[in-house]
Amino acid sequence: MYQIDKDYIIKLRREIHQYPEVDFELPRTIAVVKRELEKMGIPYTEKYGKSSVVGYINPQKEGFTIGIRADMDALLIDEINDISYKSKIDGKMHACGHDAHTAMLLGTAKALKAMENKINCRVMLLFQPSEEGRQSGAELMVQDGIMDEIDVIIGVHIENWLNSGCVGVCKGESMASSRNFQLEFFGRTAHATLPHSGNDALAAAVDAYNGIQLMLARKLNPFAKYVCSVGTLHAGTTQNVVADYAQMLGTIRTFDMNVDELLIKNIEEICSRAAKNFGCTFKLTTSLKCYVVYNNPYIADRVLSAAAKVVGEENIAEMPIKMSSEDFSQYLTKKPGVFIRLGTRNEAKGITTLPHNNDFMIDEDALDKGSATCVQFVLDNMDGIDKEKIEDSDERKGRQ
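Residues numbered from 1 in each chain as written. Predicted model: local features only at pLDDT ≥ 70, side-chain atom pairs only at ≥ 80, totals over all residues. Heavy atoms only, no water.

A. Main features of the nonpolar core. Residues Ile68, Leu112, Phe127 and Phe377 are the most contacted members of the largest nonpolar core, which totals 67 residues. With residues near it in sequence (within four places) discarded, isoleucine 68 still touches Leu105, Thr108, Leu112, Val123, Met124, Leu125, Leu126, Ile154, Cys374 and Val378. (Core = buried A, V, L, I, M, F, W, Y, C linked by side-chain atoms within 4.5 Å. Buried < 20%, exposed > 50% of the residue type's maximum accessible area, 1.4 Å probe, protein only. Contact = heavy atoms within 4.5 Å.)

B. Seen up close, helix α1 (residues 6-18). The end-to-end C-alpha distance of α1 is 19 Å, a good match for the 18 Å that 13 residues give at a rise of 1.5 Å each. For α1, the full list of buried residues reads Tyr8, Ile9, Ile10, Leu12, Arg13, Ile16, His17 and Gln18. For α1, the elements touching its buried residues are α2 (27-40), α3 (98-114) and α9 (367-381). (Helix = DSSP H or I, 4+ residues; strand = E, 2+ residues; numbered from the N terminus. Expected span 1.5 Å × (residues − 1).)

C. Examining the sheet that holds strand β11 (residues 281-290) more closely. In space, the four strands of this open sheet follow the order β9-β10-β8-β11, with antiparallel pairing throughout. Whereas interior strands pair on both sides, the edge strands pair on one side only; in this sheet they are β9 (226-235) and β11. The average angle at which neighbouring strand axes cross in this sheet is 15°, direction not considered. Note that strand β8 (residues 177-186) and β11 share nine bridges and pair antiparallel. Bridge pairing links glutamine 182 to threonine 285 in β11. Together, β8, β9 and β10 (245-254) form the strand contacts of helix α5 (residues 201-218), whose direction differs from that of β9 by roughly 170°. Relative to β11, helix α6 (residues 257-277) is tilted by about 165°, and along the sheet it contacts β8, β9, β10 and β11. (Pairing = 2+ DSSP bridges. Axes fitted to C-alpha atoms, helices over the stretch in contact; angles between N-to-C directions.)

D. Inspection of the environment of serine 164 at higher detail. Inspection of the secondary structure puts serine 164 in the loop between β5 (152-163) and β6 (167-169). In the structure, serine 164 is positioned 39 residues away from alanine 203 in sequence and 50 Å away in space, judged by C-alpha atoms. Leave out the neighbours within four places in its chain, and serine 164 touches Gly343, Thr344, Arg345, Asn346, Asp363 and Ala366. Within polar-contact distance, the side chain of serine 164 engages the side chain of aspartate 363 at 2.7 Å. (Polar contact = N/O pair within 3.5 Å; in protein donor to acceptor, adjacent residues only side chain to side chain.)

E. Seen up close, the packing of aromatic side chains. What the rule picks out here adds up to four aromatic pairs. Judged by centre distance (5.8 Å) and plane angle (70°), the ring pair of phenylalanine 328 and tyrosine 331 falls under edge-to-face. Classification of phenylalanine 328 by relative accessible area gives buried; the value is 0%. Among the aromatic residues, those joined into a ring-pair cluster are Phe328, Tyr331 and Phe339. We note lysine 225 situated over the ring of phenylalanine 255; from NZ or CZ to the ring centre the distance is 5.5 Å. (Phe/Tyr/Trp six-rings, centres within 6.5 Å; stacked < 30°, edge-to-face > 60°. Lys NZ or Arg CZ within 6 Å of the ring centre and 35° of its normal.)

F. Representation of the layout of surface pockets. Taken as a whole, the largest pocket encloses approximately 730 Å³ of empty space. Around the largest pocket, the lining comprises 30 residues; the ones closest to its centre are Glu132, Arg253, Lys289, Ser325 and His356. Mapped by element, the contributors of at least two residues to the lining of the largest pocket are β5, β8, β9, β10 and β11. Of the residues that constitute the lining of the largest pocket, the class distribution is ten nonpolar, eleven polar and nine charged. (1 Å grid on protein atoms, 1.4 Å probe; cavity = no way out; pocket = protein on both sides within 12 Å on 5 of 7 lines; lining within 4 Å. Points joined across faces, edges and corners; volume = space filled by probe spheres on them. Nonpolar A, V, L, I, M, F, W, Y, C, P; charged D, E, K, R; others polar.)

G. How the structure looks around the sheet that holds strand β4 (residues 122-128). With mixed pairing, eight strands are arranged side by side in an open sheet as β1-β2-β4-β3-β5-β14-β6-β13. Bordering the open sheet on either side are β1 (44-45) and β13 (316-318), each of which pairs with just one other strand. As defined by bridge partners, β5 adjoins strand β14 (residues 337-345) across eight bridges and the pair is classed as parallel. Across the sheet, the residue bridging to glycine 155 is phenylalanine 339, located in β14.

H. Summary view of a nonpolar patch on the surface. Residues Leu202, Val206 and Leu233 make up a contiguous nonpolar surface patch of about 210 Å² in total accessible area. By secondary structure assignment, the location of leucine 202 is in helix α5. Overall, the relative accessible area of 34% leaves leucine 202 in the partly exposed class. (Patch = residues over 30% accessible without salt bridge, like charges linked within 9 Å, V, L, I, M, F, W, Y side chains within 5 Å. Areas by Shrake-Rupley, 256 points an atom, 1.4 Å probe, with all protein chains shown as cover. Salt bridge = Lys/Arg side-chain N within 4 Å of Asp/Glu carboxyl O.)

Shown next as structure tokens:
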């Protein structure tokens, strides 16, 4: 029987929590990961993407490889929690649990390494940067071919909607795609008392914003699952000058890439007309950061079977679809896998705040169960997973 070192996981999580780093700038976090892998005698590479570390259990094994992913980056948030391991970096906080994900994967690595000679497959441990950033760390790793080495991939994310120690999966379509867009309007300055002698970029942006809202209300199928939000509008430099530049940033979330395409096409047309109305020019910059997270139903059943051995059938939960997004989906464009939810909500301890809040907390007593679920999944599936059953369970087959 394997052992999960709970104290080790919590200690590491608290160390990482105190020194949060964002996007791809993760030198201290990466140093912790490398330090621990080296202590365990686990070989690793940094060749995939940027600021990643990938460790190997049974690096020479051929035939079947399971990938397990953890993200490492934090958020630009000031922590207000009164705890001994509070963030020591002003303006940065692990407010989404990535510190716990990293610590759990190291806990998983420790358990797997201790019984490496009993594991009949290769396991790759993916420590990924920039899940929260505008550029996806997973995308860069995929571009560098990491999924060429992996047959099936899983990842664990803490969940404060779910009671501590429970494990849940949403089978099939689980999380929305995510597209970022930037809208820029270029005009000409003028004195505020002579607005007709300039070209008001702010007016064009406001016109475009209103047009986008009307489009969402009247041109989109109300039964389509989507969100389109403009989050920022910046324009002008002072009160008595017509603005010659305006910028808006927004996001699109959807489960249908045809809807994504329709939205961005309509936004471009609306902004182009708005710019022309005010004698301005317009530029759209957009990128698809995340695809739809699709949890293969057959692999999901295998995950839940493993989790039940760890937490008991009574603590297995069915998770709902979410409009939020995850760049774990980048891996799933290449190979099948499952994104797992680990409950860390504990009302008795006052731990109920949701991620991305400055008082976000998790119940650390659940973290060993996240590692144990990953270890059990490896043990249950180290001889391979039937590809035909994986393909037959895919509900997307035949879709256009």
